[in-house]
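So you can see what is in the structure, the chains are spelled out below.
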Amino acid sequence: MAIDLKAVEQLATDQSSLKAAAGLAKPAKWSGVGGSPDGALIWGECAGSGANPYRVMADLRDLGNKCTCPSRKFPCKHVLGLLWLNAEAIVPFAPADTPDWVSDWLGRRRGTSAAKPANTVTPAGEKDLRTARTLEPEATQDPKDVARREAQAAKRNEETERAILDALDALEQWIGDQLRLGLSGFIDDATARCRRIAARLVDGKAAVLAGRIDELPSRLLALAAGDRPRGAVVELGKLVLLARAFRATPRGAEIRRAVVAAETRETVLANSQAPRVSGHWEVLAERVETRRDGLVSQTTWLLNLAASGPRFAMLLDFFPASAGRRGSVFTPGERFHGELVFYPSQQPLRALLVRREAADDTLTPEWPAPDATLNDALTRPLLTEPWMIEIPLLLPQGRIARDDSGGAWWRAADGTTTLPVAGNADGLLAGTELTRTAAIWSGSRLTILAAQSSWGRIGGHD
Amino acid sequence: MTEAVKAAEIFGSIGAVVTRWTVGSSAASAASFWRTELGDDPVEAELRMLALSGQFLGATVTAEAPSALRVLPDIPMLALPTVSEPLRPLLRRILAASKDAAPRKELVHFLAARGWTTHPADWMPDANDEDAPDVYAAWRDWSAFAVAGAVTRRRTGDQLTAENWEDFWPAARKAALIGLRRRDPSAARALLEAKLGNENAEARLRLVSLLSERLSGDDVAFLEGLVANDRAPKIKALATSMLARLGHGPAAGEDIAELAGFFAVKTKGLLRRSRVIDFQTPKTPAQWQRRKTLLDGTDLTSFAGALGLAPQDLIAAWDWNVDPAADAGLVGLIVETGTDAQLAQAANIVSEHDATGLIVALAPRLANAERARFAAAALRARGIGFEMAQMIAGVAGRLDDPLSTPAGVKLLAEIRRDDAKPSDHIAEFRALGLLASRTAAQQTLQRLTAAGLLLGDPRLDMLRLNAALDDQGETP
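Residues numbered from 1 in each chain as written. Chains lettered and ligands numbered in written order. Predicted model: local features only at pLDDT ≥ 70, side-chain atom pairs only at ≥ 80, totals over all residues. Heavy atoms only, no water.

K.L.:
What is the right way to look at the environment of A451(A) in this model?
P.N.:
Residues and elements named next belong to chain A. Looking at the element boundaries, A451 is found in strand β16 (residues 446-453). On the basis of relative accessibility, which here comes to 0%, the residue A451 falls in the buried class. Once residues lying within four places of it in the same chain are set aside, the contact partners of A451 are W367, L429, L434, R436, T437, G456, R457 and I458. (Helix = DSSP H or I, 4+ residues; strand = E, 2+ residues; numbered from the N terminus. Buried < 20%, exposed > 50% of the residue type's maximum accessible area, 1.4 Å probe, protein only. Contact = heavy atoms within 4.5 Å.)

Right, here's the structure in full:
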């Protein structure tokens, strides 16, 4: 089944979509491109501005399509890009089994599955393929303008920094107030109090820190009532450390990531200091959480299957909750060969997916051995980033045990360590020896992402 | 002060520090060990103290595990193998698409009929899941064990005897008893006679119902004992129904004459005179209700006797499709109280008439091969859909070439229609996937995809699973 470029042009909502699609119709932007053997379905993964790629799929019989990006345009530039790749045969669409995510979309589709001529799509506005393809010449820049813009940018940065420092002053003042008013009152009224200071931090351009404080009450409430005063001290203490660290190095990328904003994808990709790691990765889990600030965070945890290198990678994206539910990009348990670029850090964790090759099931199912003693793994990251809230861990052989009230605990096979587990950890997870367990340690509880056992891989329980 | 001494001192004081902050008191003064680090400014000292205490508490203090932690035993291996790794994602998808318990139950029974079980990470039965295939008994007991908080494991798999009865968890015991009943019906009954009295009514009901396997005249005395002596009305009713199946119905009461009044036996034909039941149609809703109540409360032998007929003659003389309510009543009687031979006779007659609904009612007591035969016949001759056929056939149908039946021809025509939607006929495709033999599933997939469906279409998931699953089940 073939489509021509005219159909892509007609499908585009406007000229800018078409232009963007032309930019995406390049092999380097895509991975996992394939099609059903009858040629009716095509799919692929397109690198977007986030850490996770977008999953793009289209039914060539009626040009029905879907993309996991949050764009409000329909079809988005990624779909148009995929169709463009297909129309011009820019990359081969190798016949393959339809991936589950494409089948799931097919099952949810409304409307007709029968072939509908593409030309019934009403064109909106004037669009032109030729113009879309042409590269706009870079405007020659007047050195004076450049200097003026740079000066303005420097001034803006200075103002932003001042605003952040003022906001951090307000934060420390607020923390001192919570201590003076008593932490028991703070725990009871944490949601409202945190909301107020978070709003102040948003005004002060410290958006990431504001998001963290907005989520503080839910972390606190997840603890047993008796453990909340300790939890409040730990949380507020980390905020003091963060504020002090920012004052010490306000331009440091790592601290700015924790307070202001992460670097853009382009910045990270262009940074020669950002470590690039090519290897085999296993998708441990994907967590999608709606935050109090109206953003949805999508976190994909990857395990590096190589013997050395960063053990974990975290692909983190945010999108507005109003953009609706977003499809998963990875299937837990899937393995692939790919290249990641890590945000520069003393302990690289957050990363972007640069390139992903086809799924690879030929690898041994064994996970690598933990590369540090458990005690070391629990505390070492705090030496460089004492404000860290979540520490990913690869645990040695162990097993789930239960206390009298049904609470779950992970117990090391050698009996040296026993850690409380978040949630129920029931079913198979509790009924077999776990040879390896990947989990997140939040300072008080383990959240199991996945485990290996004689039954094979077991997904964690949220 | 050495590091170790300092750490011990911090440990000793940190509780008091947290308590002070909890009530809003200053805490810096309680931490002499950090005097240098905290400095002289009291406001600054509290913040520094908070940072240090937070780090200390976060890095070194975690909840202490209770001394008595309980570890569950390993989830046991089952007698049938787990579906292969490549098929698990497909199976998970089908499970996820089944929002109700009924389709999930069908799926796991289908797998068991083909000789497979699920991976425990994909599906496990609850302890109380009586509908789960018997092969999962060990997992049900594992779940019961997990919920009960028991500390010792009981046995599974051994030969069940009166002596080791208590050593078995309920699901394993049930599975062992079914096995024993199949091998040695008298031994199973004797075991029940010995142990039933110690079980509660619900457990007794489940155990007695197992006697329907290889039910015979040898069971009469035991069943009569239950009717006479058991305390639970449900068990008395079950035993009565089983006795009726064996031709030992209760003595007909006065009601039976009243029921017989709704029917008359007439003769028809000039040369080969045969008897036929004539329906005295009830005239008021109250009469309809009364007839239904009377039919529900009797047994086949008594009813036939009241009309002066043997049960098999009543079934032969019944005029089907004239009075659907009476048809349903008689079929109900046959299912509850008829012998296997009477049931087979009724099924054969009903399948010749256009009364598929009645076959569905009779099906659960028929052997798998019979169910499949009736389903195939109804598909070809009665034009029923795959969903109905699957209800008749159950999960072990293994039908050949279902697409050539009228239902298949219709389905093929409908998916080719211009206004066909991707959500059309979901239930029909699923039933088709459960009904077909493995070879038929493979052929059906080819024909459906040739007709325009995509192989990745989720409606074809059940067919794809069937086609890919090696059929290792017992075939009749």
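And the narrative resumes.
K.L.:
Looking at this structure, I do not really get the domain arrangement of chain A. What am I missing?
P.N.:
Reports of interface size often rely on the accessible area that becomes lost once the parts have come together. All names here are of chain A. Assigned domains within chain A: domain 1 (5-133), domain 2 (143-259), domain 3 (266-359) and domain 4 (374-459). Domain 2 and domain 3 are separated by 25 Å when their C-alpha centres are compared. In this complex, domain 2 contributes six residues to the contact, which on the side of domain 3 involves eight residues. The contact between domain 2 and domain 3 buries some 690 Å² in all, and 47% of this surface belongs to carbon and sulfur atoms. Among the residues of domain 2 in contact with domain 3, E215, E254 and R257 are the three that bury the most area, contributing 60% of the side total. Seen at the junction of domain 2 and domain 3, the total is zero salt bridges. Remark: the boundary between domain 2 and domain 3 carries four residue pairs in polar contact (both at pLDDT 80 or more). For the side of domain 2 that touches domain 3, the secondary-structure elements that each account for two or more residues are α9 (207-221) and α11 (253-259). (Domains from an automatic or database assignment. Buried area = accessible area lost by both parts, 1.4 Å probe. Salt bridge = Lys/Arg side-chain N within 4 Å of Asp/Glu carboxyl O. Polar contact = N/O pair within 3.5 Å; in protein donor to acceptor, adjacent residues only side chain to side chain.)

K.L.:
Looking at this structure, I do not really get the nonpolar core. What am I missing?
P.N.:
One broad trend across soluble globular proteins is that nonpolar side chains are buried collectively. Counting residues in hydrophobic clusters, the biggest one holds 72 residues, and the most contacted among them are L284(A), I400(A), W410(A), L446(A) and L465(B). Both of domain 3 (266-359) and domain 4 (374-459) of chain A provide at least three residues apiece to this core. Other than its neighbours up to four places away in sequence, L465(B) contacts L87(B), L90(B), L91(B), I94(B), L107(B) and L111(B). Counting 66 residues, the second largest nonpolar core, distinct from the first, contains I315(B), V331(B), A372(B) and L448(B). (Core = buried A, V, L, I, M, F, W, Y, C linked by side-chain atoms within 4.5 Å.)

K.L.:
Can you walk me through the side chain of S53(B) in this structure?
P.N.:
The residue S53(B) is located in helix α3 (residues 42-60) in this model. Looking at S53(B), the relative accessible area reads 0%, which means it is buried. Ignoring sequence-local partners within four residues, the contact set of S53(B) consists of V233(A), I14(B), V17(B), W21(B) and W34(B).

K.L.:
Which parts of the structure should I look at to understand the UniProt feature "domain: SWIM-type" (unreviewed entry) in chain A?
P.N.:
Taken from the UniProt record, the annotation "domain: SWIM-type" (unreviewed entry) applies to residues 54-87 of chain A. Taken end to end, residues 54-87 of chain A is 32% helix and 29% strand, and its two terminal C-alpha atoms sit 20 Å from one another. (UniProt positions renumbered as here; feature names shortened; annotations may be inferred.)

K.L.:
Is there a simple way to explain the packing of aromatic side chains in this structure?
P.N.:
For any pair of aromatic rings, the description rests on two quantities: the centre-to-centre distance and the angle between the ring planes. Counting across every chain of the model gives 15 aromatic pairs over all chains. Taken together, a centroid distance of 6.1 Å and an interplanar angle of 70° make the contact between W455(A) and W139(B) edge-to-face. One end of the pair, W455(A), is in the loop between β16 and β17 (456-459); the other, W139(B), is in helix α6 (residues 137-148), on a second chain. This pair shows no difference in class: W455(A) is buried, exactly as W139(B) is. Residues F263(B) and W318(B) carry aromatic rings whose centres are separated by 5.6 Å and whose planes lie at 45° to one another, so their mutual orientation is tilted. Within this pair, whereas F263(B) is found in strand β2 (residues 263-268), its partner W318(B) is found in the loop between α15 (311-317) and α16 (324-337), the two being separated by 55 residues in sequence. Just as F263(B) is buried, W318(B) falls in that class too. Among the aromatic residues, those joined into a cluster by ring pairs are F263(B), F279(B), F303(B), W318(B) and W320(B). When the ring centre of F374(B) is taken as reference, the NZ or CZ atom of R373(B) above it lies at 4.6 Å. (Phe/Tyr/Trp six-rings, centres within 6.5 Å; stacked < 30°, edge-to-face > 60°. Lys NZ or Arg CZ within 6 Å of the ring centre and 35° of its normal.)

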